[in-house]
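Tertiary structure, described
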Amino acid sequence: MANERTALIGHGVYSVQNESEMSGSGQQGNGSVHTSGHSATPRSLNTFFGVIVPTVLSMFSIVLFLRTGFVVGHAGLLQGLLMLAVAYFIISLTILSICAISTNGAVEGGGAYYMISRSLGPEFGGSIGLMFYLAKVCACGVYVLGLVEAILNIFGRDPGSSVSEGIRVLPQGYWYTVLYAAVVLQLCLLVCLVGAHMYSRASFLILLVVTVALVSVLVSPLAVRPRDFTISHQCGANGTCVYNTTYTGFNSTTLRRNLGPGYSLDYSTNTVMSFATVFAVMFTSCTGIMAGANMSGELKNPSVAIPKGTIIAVFYTFCVYVILFILVSSTCDRVLLIQDYGFFQRINVWPPFVIIGVYCASLSAAMCSLIGASRILHALALDQLFGMPLAPAAITSKSGNPWVAVLYTWALVQCVVFAGQLNIIAGLVTVFYLLAYAAVDLACLALEWASAPNFRPTFQFFSWHTCLLGIISCLVMMFVINPFYSSASIVVLLLLLLILHYRSPTSSWGYISQALIFHQVRKYLLMLDVRKEHVKFWRPQVLLMVANPRSSCQLITFINQLKKGGLYVLGHVQLGDLDVLPTDPIQAHYTFWLSLVDKLGVKAFVDLTLSPSVRQGTQHLLRITGLGGMKPNTLVLGFYDNSVPEDYFLQDPVFCPGSRAQLSGRGGNDFGVDLASLQAHFPPVRGTECPRCLSAEEYVGIISDAIKMGKNVCLGRYFFQLEGEWAAPKSDGAEWTVDVWPLNLLQPESGGYVDVCSLFLLQMACVLNMSPRWRRARLRIFLCVEAALGDQGWMVKEETLRDLLGKLRIRASIKIVPWDAVVKLHRGGQEPSTTTPGVGDSGEMQPDDRASPPSSALESFLSGVNGLLMEHSAQAAVRFLYLPCPPADSSQSQQYLAQLEAVTRDLGPTLLIHGLTKVTCTEL
């Protein structure tokens, strides 16, 4: 993403430079998007004005004056205090997590979104941040509707009257409520367009007004004498319900009657209330704990101000709510509490105190939510997580006010107020906030469990127990309040998560998933004991040596299908000596190789080394690659011949700019490595006159080294002819076959099919046949016999082989291949002997003291073997051949490679395999 901000980069996320700075940096015009990580907007708010004041006002909001009686009247004092305790218990656990995260580094603009995204990564941060933004939008709608309700309580006409009486001049009804809400919202919009600083200056005065109104409510029971009231509500289309109720003052009988619950019909929604619905309304008073965190971009010292101010504000509001609950339950009849949301003005020493307090609290909470939501949206837009739809929200004014984000938010809140009633959307708001709080707890829990050394918050009063308890509490209360809203919100969250995962945004924030994976993998690697390995659970763990991926990508893809869930490592040796170099050149190459792995879609690790020779570097990789029980047991090399390699990058559409595969994003994140850089990093393929960096002796020495180290060896040839994943399926209807020749073709006298190497060939072919791409291929095993010599033992050999395949649960067809002519060429007209010239009993190429056959006879034999393979396996998709051991004498390396080249000439994709590991098991 273009705009990267970390905890170690300067403050100021959505700020804009002044004109002189803009001209100096080459940026011009107003309202432009700035992606600098440094702030030019002054941070002027301290703890009191930036955190305590907005948090207190948000938590008082409409519940303080308009829903206290609603909660106590329906739930009773005891259940009301229980609801208050549960709600503040949940937010207290969340506050501990907020304090821990906010004191672990510099907090930038975006508040809760910034903390979550920088802790959990872009996918979780973006999806949860958008959900939290929607929660703020809905909360703003709740406050606006609450303010309209308070206005209509004073200035609205009586439900049963069609004419105005005194100050009651405003007509009531659904559409009138929406109209009044739109006017109030327009006023909030004008204030927010001016900027957050205007609101912060006015918020202290609003808090003073609300405090005066609150004090008047607390002292009124001491000054107001008991009185009776008559309350009327519209019932149905034309009816009016009249209730007679009493304000008793402090009275023990009233307190006893209000102790227990009395859930009844809510006159605003005409639905019967329950614990869940009342709790949902009451919890809206607890949705303001992040009001200070959302102002983090304007705070002088967010890491100090957010925890300190939030804790003070929450403790203060909790004490106020407890006092009010006890006060109203001791002085007011239940009918008065249930049937009149604005009963405080009826029992106040001077009713205008309450009226002004309600208006100020609701209006300030609405503006605070609108400002906070716009800041979250602006931070989302700057991070470019959702692409073009949110791109305009990154635009700011000269003063740094994200006015486009404010307009976005205003339009969404305008849609919310069409609900018409506060209580209708209170449940949705509460569910959204609980989900956001659970996400904050999850972020802190993940950081704690990851045990990252850099997670050192200065706030220490938390643990993973508090985080986990907070998550569980939030999720439980979500489903208690409204299972449908809870399920739907979680589904929306998962959809957003999948969308962001598909978009694969890259960032330098760090991914908590990587820290958690590292933590768990380390533990499981320690548990993976090599002493407990068993042949039943063997799987290939491959080290594939790659000189240039331009000519090796088909082989890389094929081995990926052959690994069967085992370790797969791409190894590369760069020639050089670190003693004469200023820095290690290998480190800069990893990103390009990992991008190549992403482009090819293979599940492989990358291991690179610097060495004076390829042979020595391969030895290093064979020894040090992997950890614990995950170490390579098989070495795969490309074939050593004189053919000119082809450039795979010119064939696969993934590496072609503008292709459909490239545009569709195959390969995922590029992490700063685009296609042009990737192609430029890897050199062109070797030409016909280019010298090799590897001699034949060194190549054969690598094979010998691997065998000495107990590794299985595979040589791949002609894999550039293998159909790629982009190729169309065969149109002639011919089936795919995998041909296995388990006999050492260079030693006809061996005649064995049950040695370790032959069984290894069978196992590898079976593993390939189990991969999804090769599942439909038919496995064929070739049994070479000498029929013309009267050797009737081939029938016994076939039956023995068939019985072996049955025990090994390998589904394959057996093909009988007479090879009398080839054996005759090998013997050179001599009597059969137990030792093949040039080939030892173990299959190892070695010098022979006896007279070797003429070179022409050997060439004829090798040509005969190649002809036999061409005759029976020319149409196979891939062939598995027995690889004899290399000669102990390095002077015979050329001859060894020449024989392998002659046998496999023009065969097509062929894998020569020499297995040392026992890999088959017939027992449970």
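The structure this text deals with has already been given above.
**Considering the overall build of the protein**
- Counting its secondary structure elements, the protein contains 30 helices and 14 strands.
- Evaluated residue by residue, the protein yields a buried proportion of 54% over its 924 residues.
- Expressed as a percentage of contacts within the protein between residues at least 6 apart in sequence, the contacts between residues at least 24 apart total 82%.
- Working note: accessible area of the protein is about 39200 Å², and carbon and sulfur atoms make up 61% of it.

**Thoughts on the state of the cysteines**
- One pass over the full model with this rule turns up 0 disulfides.
- Cys99 carries a free sulfur, and the closest cysteine sulfur to it, the one in Cys444, is 9.7 Å from it.
- Judged by relative accessible area, which is 0%, Cys99 ranks as buried.

**Let's talk about the packing of aromatic side chains**
- Considering all chains together, one arrives at 31 aromatic pairs under this definition.
- Through a chain of ring-to-ring contacts, three or more aromatic side chains come together here, namely Phe132, Phe275, Phe279, Phe283, Tyr433 and Tyr437.
- The ring of Phe70 is capped by Arg67, whose NZ or CZ atom sits 5.9 Å from the centre of that ring.
- Above the plane of the ring of Tyr341 lies Arg67, whose end atom (NZ or CZ) is 3.8 Å from the centre.

**Examining empty space enclosed by the protein**
- Using the criterion set out here, one finds 5 cavities of 30 Å³ or more in the structure.
- Volume-wise, the second largest cavity comes out at about 80 Å³.
- Taken together, Leu743, Asn744, Leu745, Leu746, Leu881, Tyr882, Pro884, Leu900, Val903, Thr904 and Leu912 form the lining of the second largest cavity.

**Let's talk about the environment of Leu428**
- Following the sequence through the fold, Leu428 ends up in helix 16 (residues 422-450).
- Along the chain, Leu428 and Asn482 lie 54 residues apart, while their C-alpha atoms are 8.1 Å from each other.
- If sequence neighbours within four positions are ignored, Leu428 has contacts with Cys138 and Tyr485.

**Brief notes about a nonpolar patch on the surface**
- Where nonpolar side chains cluster on the molecular surface, the patch consists of Leu190, Leu193, Trp403 and Leu407 and spans about 330 Å² of accessible area.
- At the level of elements, helix 6 (174-194) and helix 15 (403-416) are the ones that each hand at least two residues to the nonpolar patch.
- By secondary structure assignment, the location of Leu407 is in helix 15.
- Since its relative accessible area comes to 33%, Leu407 is described here as partly exposed.

**Digging into the nonpolar core**
- Residues Leu64, Phe65, Ile91, Val210, Ile289, Met290 and Phe344 are the most contacted members of the largest nonpolar core, which totals 166 residues.
- When residues no more than four places from it in sequence are discounted, the contact partners of Ile289 are Thr55, Met59, Ile91, Thr94, Ile95, Ile98, Thr310, Val314 and Tyr437.

**A closer look at unusual backbone geometry**
- Residues other than glycine seldom take positive phi values, yet Lys564 does so here, at roughly 55°.
- Positive phi values are uncommon outside glycine, yet Tyr718 reaches one of about 65°.
- Along the chain, Tyr718 turns up in the loop between strand 9 (712-717) and strand 10 (737-741).

**A look at helix 20 (residues 553-562)**
- Of all 10 residues that make up helix 20, 10 are buried, and the element is covered over most of its length.
- Where helix 20 is concerned, the buried positions are Cys553, Gln554, Leu555, Ile556, Thr557, Phe558, Ile559, Asn560, Gln561 and Leu562.
- Two residues or fewer past helix 20, Lys564 is found with a positive phi of approximately 55°.

**A closer look at the environment of Ala181**
- On the secondary structure map, Ala181 appears in helix 6.
- Residue Ala181 is classed as buried on the basis of its relative accessible area, which comes to 0%.
- Distance from Ala181 to Val148, taken between C-alpha atoms, is 6.1 Å for residues 33 residues apart in sequence.
- Ala181 has contacts with Val144, Leu145, Val148 and Val417, leaving out every residue within four places of it along the chain.

**Overview of the side chain of Ser364**
- Among the structural elements, Ser364 can be located in helix 14 (residues 352-383).
- Not counting the four nearest positions on each side in its chain, Ser364 is found in contact with Leu57, Tyr199 and Ile206.

**Some points on the pattern of salt bridges**
- What the rule picks out here adds up to 10 salt bridges.
- Note that Glu149 is salt-bridged to Arg67, the shortest N-O span being 2.8 Å. Residue Glu149 is located in helix 5 (residues 122-155), and its partner Arg67 is located in helix 3 (residues 63-102); the two are separated by 82 residues in the primary sequence. With respect to burial, Glu149 and Arg67 carry one shared label: buried.

**Some thoughts on the packing of helix 5 against helix 6**
- Relative orientation of the contacting elements helix 5 and helix 6 amounts to 115°, with a least axis distance of 9 Å. Taken together, the axes of helix 5 and helix 6 lie roughly perpendicular to each other. Relative to helix 6, helix 5 is oriented so that their crossing is right-handed. In contact with Cys140, Val144, Leu145, Leu147, Val148, Ile151 and Leu152 of helix 5, helix 6 contributes Thr177, Tyr180, Ala181, Val184 and Leu185.
- In terms of residue class, the contact of helix 5 with helix 6 is built from 11 nonpolar, 1 polar and no charged.

**Structural notes on the sheet that holds strand 11 (residues 778-785)**
- Ordered by their spatial adjacency, 10 strands build an open sheet running 7-6-5-8-9-14-13-10-11-12, and the pairing between neighbours is mixed. Here the strands that pair on one side only, and so sit at the sheet edges, are strand 7 (605-611) and strand 12 (813-818). Ignoring strand direction, the axes of neighbouring strands in this sheet form an average angle of 25°.
- Pairing of strand 11 with strand 12 involves 6 bridges; the strand directions are parallel. When the bridges of strand 12 are listed, Ile781 appears paired with Ile814.
- Across the sheet, helix 21 (residues 590-600) lies against strand 6 (568-575) and strand 7, angled at about 145° from strand 7, the strand it touches most.

**Focus on the packing of helix 9 (residues 275-283) against helix 16**
- With their axes 8 Å apart at the nearest point, helix 9 and helix 16 run at an angle of 70° to one another. Viewed along their axes, helix 9 and helix 16 adopt a mutual orientation that is roughly perpendicular. The two elements helix 9 and helix 16 cross, and the hand of that crossing is left-handed. Contacts between helix 9 and helix 16 involve Ala280, Val281 and Phe283 on the former and, on the latter, Asn423, Ala426, Gly427, Thr430, Leu434 and Tyr437.
- Residues that form the contact of helix 9 with helix 16 fall into these classes: 6 nonpolar, 3 polar and no charged.

**Considering helix 19 (residues 512-527)**
- Taking 1.5 Å per residue, 16 residues should reach 22 Å; helix 19 reaches 23 Å between its end C-alpha atoms and fits that length.
- Within helix 19 the residues assigned to the buried category are Ile512, His519 and Leu525.
- Each element contacted by the buried residues of helix 19 is listed here: helix 4 (112-120) and helix 16.

**Considerations on the side chain of His519**
- Take His519: it is sitting in helix 19.
- Among the residues examined, His519 registers a relative accessible area of 18% and is labelled buried.
- Only 3.4 Å separates the side chain of His519 from the side chain of Gln520, close enough to count as a polar contact.
- Among residues more than four places away in sequence, those in contact with His519 are Trp449, Ala450 and Ser451.

**Quick notes on the pairing of strand 8 (residues 634-638)**
- Across the 5 residues of strand 8, 4 count as buried, placing the element largely inside the fold.
- With 3 bridges joining them, strand 5 (residues 542-545) and strand 8 adopt parallel strand pairing. Paired with Leu544 across the two strands is Val636, which belongs to strand 8.
- As judged from the 5 bridges shared by strand 8 and strand 9, these two strands associate in the parallel manner. Bridging across to strand 9, Gly638 finds its partner in Gly716.

**Considerations on the environment of Val322**
- As for its position among the elements, Val322 is in helix 11 (residues 302-331).
- Judged by relative accessible area, Val322 falls into the partly exposed class, the value being 22%.
- Separated by 245 residues in the primary sequence, Val322 and Leu77 have C-alpha atoms spaced 9.7 Å apart.
- If we ignore the near neighbours within four places in the chain, the residues touching Val322 are Leu81 and Leu84.

Conventions used here
Residues numbered from 1 in each chain as written. Predicted model: local features only at pLDDT ≥ 70, side-chain atom pairs only at ≥ 80, totals over all residues. Heavy atoms only, no water. Helix = DSSP H or I, 4+ residues; strand = E, 2+ residues; numbered from the N terminus. Buried < 20%, exposed > 50% of the residue type's maximum accessible area, 1.4 Å probe, protein only. Contact = heavy atoms within 4.5 Å. Areas by Shrake-Rupley, 256 points an atom, 1.4 Å probe, with all protein chains shown as cover. Disulfide = S-S within 2.5 Å. Phe/Tyr/Trp six-rings, centres within 6.5 Å; stacked < 30°, edge-to-face > 60°. Lys NZ or Arg CZ within 6 Å of the ring centre and 35° of its normal. 1 Å grid on protein atoms, 1.4 Å probe; cavity = no way out; pocket = protein on both sides within 12 Å on 5 of 7 lines; lining within 4 Å. Points joined across faces, edges and corners; volume = space filled by probe spheres on them. Patch = residues over 30% accessible without salt bridge, like charges linked within 9 Å, V, L, I, M, F, W, Y side chains within 5 Å. Salt bridge = Lys/Arg side-chain N within 4 Å of Asp/Glu carboxyl O. Core = buried A, V, L, I, M, F, W, Y, C linked by side-chain atoms within 4.5 Å. Axes fitted to C-alpha atoms, helices over the stretch in contact; angles between N-to-C directions. Parallel < 35°, antiparallel > 145°, perpendicular 65-115°, else oblique. Left-handed = near helix turned anticlockwise from the far one by under 90°. Nonpolar A, V, L, I, M, F, W, Y, C, P; charged D, E, K, R; others polar. Pairing = 2+ DSSP bridges. Expected span 1.5 Å × (residues − 1). Polar contact = N/O pair within 3.5 Å; in protein donor to acceptor, adjacent residues only side chain to side chain.

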